[in-house]
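# Observations on chain architecture
So you can see what is in the structure, the chains are spelled out below.
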Amino acid sequence: MPCPLCDGIRQTEFARWPQFAVHECLSCGFRFVDTTATEYPRDAQFVYDERLIGPIVSDQPHVRRRVRDILRFAKAPGTALDIGCGKGEVSLLLSRKGFTCTGVDMKAHLIDELAARHPELTWRCAMTSELELMPERFDVITMYHVLEHIPDPVNALRAVKRLARPGALIALEVPNVGGLEARLRGSKWHYYKVDHINYFRPIDLNRLAARCGLRVVACRGYQHFSYPQDVRWKDAVKGALGRLGFRDVVSIFLRVEA
């Protein structure tokens, strides 16, 4: 399988687990799972039937952080598309900030539950590969912890770009295999999971943006996706670890040129 990022064919096996192996491209250093040799997705955690989603709390500190970051580069009112919306927290908070928001997820029962609880927003059940059929165009598009699951990230992001208006913002967040913890722990890093098939460093995200004709406006790293938590000592520790390079997640903000 060629490298999903640069199409290089020279690669080596970085590590192997009972259910999957991660390869490293010898041309660009990108790490990925060969989805032609392995059934995907395999992980029940990724495809589980989410009938009982529990409380939906859009005021969580890390959700506010995501929306604060978006509002640095995009202004309401406008339209927003939250791809892989999960429990809809980002969609709901963007809506409260003045955006007309559409949340998309692959889990039908999750979308049904969100539509029942929050009919004021638009919710759609779709795979990422089906998004190009949407007639709308958006001012903000978010993909939080989505690209690590998609077999062809270049074509996926190109498809997402076609949903964006000129000047739109695209916000991506993924696990950061270039962080210090990932490099120190090697194959024992906790984000090497059977439902993750792409492992991005910030340099990989920059290359991905370039291949898709998108301009990088900012890149931020965090010790954990749940940073901050509004617990003073935890935030102080996680903030210090992040400054030291222990950034397990990375967010990148891309502009669609007019």
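Everything below is about the structure shown above.
None of these values were measured; they are calculated from a predicted model. (Residues numbered from 1 in each chain as written. Predicted model: local features only at pLDDT ≥ 70, side-chain atom pairs only at ≥ 80, totals over all residues. Heavy atoms only, no water.)

With that out of the way, let us pick up the sheet that holds strand S5 (residues 99-105). Spatially, S6-S5-S4-S7-S8-S11-S10 is the arrangement adopted by the seven strands of the open sheet, whose pairing is mixed. Either end of the sheet is taken by a strand with one partner, and the two such strands are strand S6 (122-125) and strand S10 (215-222). Adjacent strand axes in the sheet meet at a mean angle of 15°, parallel and antiparallel pairs treated alike. Sheet topology places S10 next to strand S11 (residues 249-255); seven bridges connect them, and they run antiparallel. Each residue of the ladder has a partner; that of Arg220, found in S11, is Ser251. (Pairing = 2+ DSSP bridges. Helix = DSSP H or I, 4+ residues; strand = E, 2+ residues; numbered from the N terminus. Axes fitted to C-alpha atoms, helices over the stretch in contact; angles between N-to-C directions.)

Following the sequence through the fold, Gln223 ends up in the loop between S10 and helix H8 (232-243). With sequence-adjacent residues up to four places away left out, Gln223 is seen in contact with Glu181, Lys238, Leu241, Gly242, Phe246, Arg247 and Asp248. (Contact = heavy atoms within 4.5 Å.)

What the four strands build is an open sheet, ordered S1-S2-S3-S9; its pairing is antiparallel. Only two strands of the sheet have a single partner each, and these edge strands are strand S1 (11-16) and strand S9 (198-199). Relative to strand S3 (residues 31-32), strand S2 (residues 21-25) runs antiparallel, the two being bridged by two bridges. Its bridge partner being in S3, Glu24 is matched across the sheet by Arg31.

Here helix H2 (residues 61-71) crosses helix H3 (residues 89-96) at 50°, and the two axes come no closer than 10 Å. Taken together, the axes of H2 and H3 are oblique relative to one another. Two packed elements cross with a definite hand, and for H2 against H3 that hand is right-handed. In contact with Val63, Arg64, Arg66, Val67 and Ile70 of H2, H3 contributes Glu89, Val90, Leu93 and Leu94. (Parallel < 35°, antiparallel > 145°, perpendicular 65-115°, else oblique. Left-handed = near helix turned anticlockwise from the far one by under 90°.)

On to the nonpolar core, then. Counting residues in hydrophobic clusters, the biggest one holds 38 residues, and the most contacted among them are Ile141, Leu157 and Ile170. Of all the secondary structure elements, the ones that give two or more residues to this core are strand S4 (78-83), strand S7 (138-144), helix H5 (153-162), strand S8 (164-175), helix H7 (202-211) and S11. The element contributing the most residues to this core is S8, with five residues. (Core = buried A, V, L, I, M, F, W, Y, C linked by side-chain atoms within 4.5 Å. Buried < 20%, exposed > 50% of the residue type's maximum accessible area, 1.4 Å probe, protein only.)

What follows covers unusual backbone geometry. Note the cis peptide between Ala76 and Pro77, where omega equals 0°. Within the element layout of this structure, Pro77 appears in the loop between H2 and S4. Here the bond from Tyr227 into Pro228 is cis, since omega is -5°, no more than 30 degrees from zero. Of note, Pro228 is situated in the loop between S10 and H8. With phi around 70°, Asp7 is a residue other than glycine that occupies positive phi space.

Before going further, it helps to spend a moment on H7. When H7 is considered as a whole, its buried residues turn out to be Asp204, Leu205, Leu208 and Ala209. Down the axis of H7, the buried set is contained in an arc of 140°. They therefore lie on one face. Two residues or fewer past H7, Gly213 is found with a positive phi of approximately 70°. (Arc of directions from axis to C-beta.)

A large share of S2 lies buried, amounting to four of its five residues. Across five bridges, the pairing between S1 and S2 is antiparallel. Looking across to S2, one finds that Thr12 is bridged to Glu24. Where S1 folds back onto S2 in an antiparallel hairpin, the turn is made up of four residues. Counted along the chain from S2 to the antiparallel partner S3, the turn is five residues long, and its residue Gly29 has a positive phi close to 85°.

Moving on, we get to the pattern of salt bridges. Throughout the structure, instances matching the rule amount to 16 salt bridges. In this structure, the salt-bridge partner of Arg117 is Glu113, at a minimum N-O distance of 2.9 Å. Here Arg117 and its partner Glu113 are both found in helix H4 (residues 108-117), four residues apart, which amounts to about one turn of the helix. For Arg117, a relative accessible area of 35% translates into the label partly exposed. (Salt bridge = Lys/Arg side-chain N within 4 Å of Asp/Glu carboxyl O.)

Spatial relationships are all this shows, so hold off on functional conclusions.
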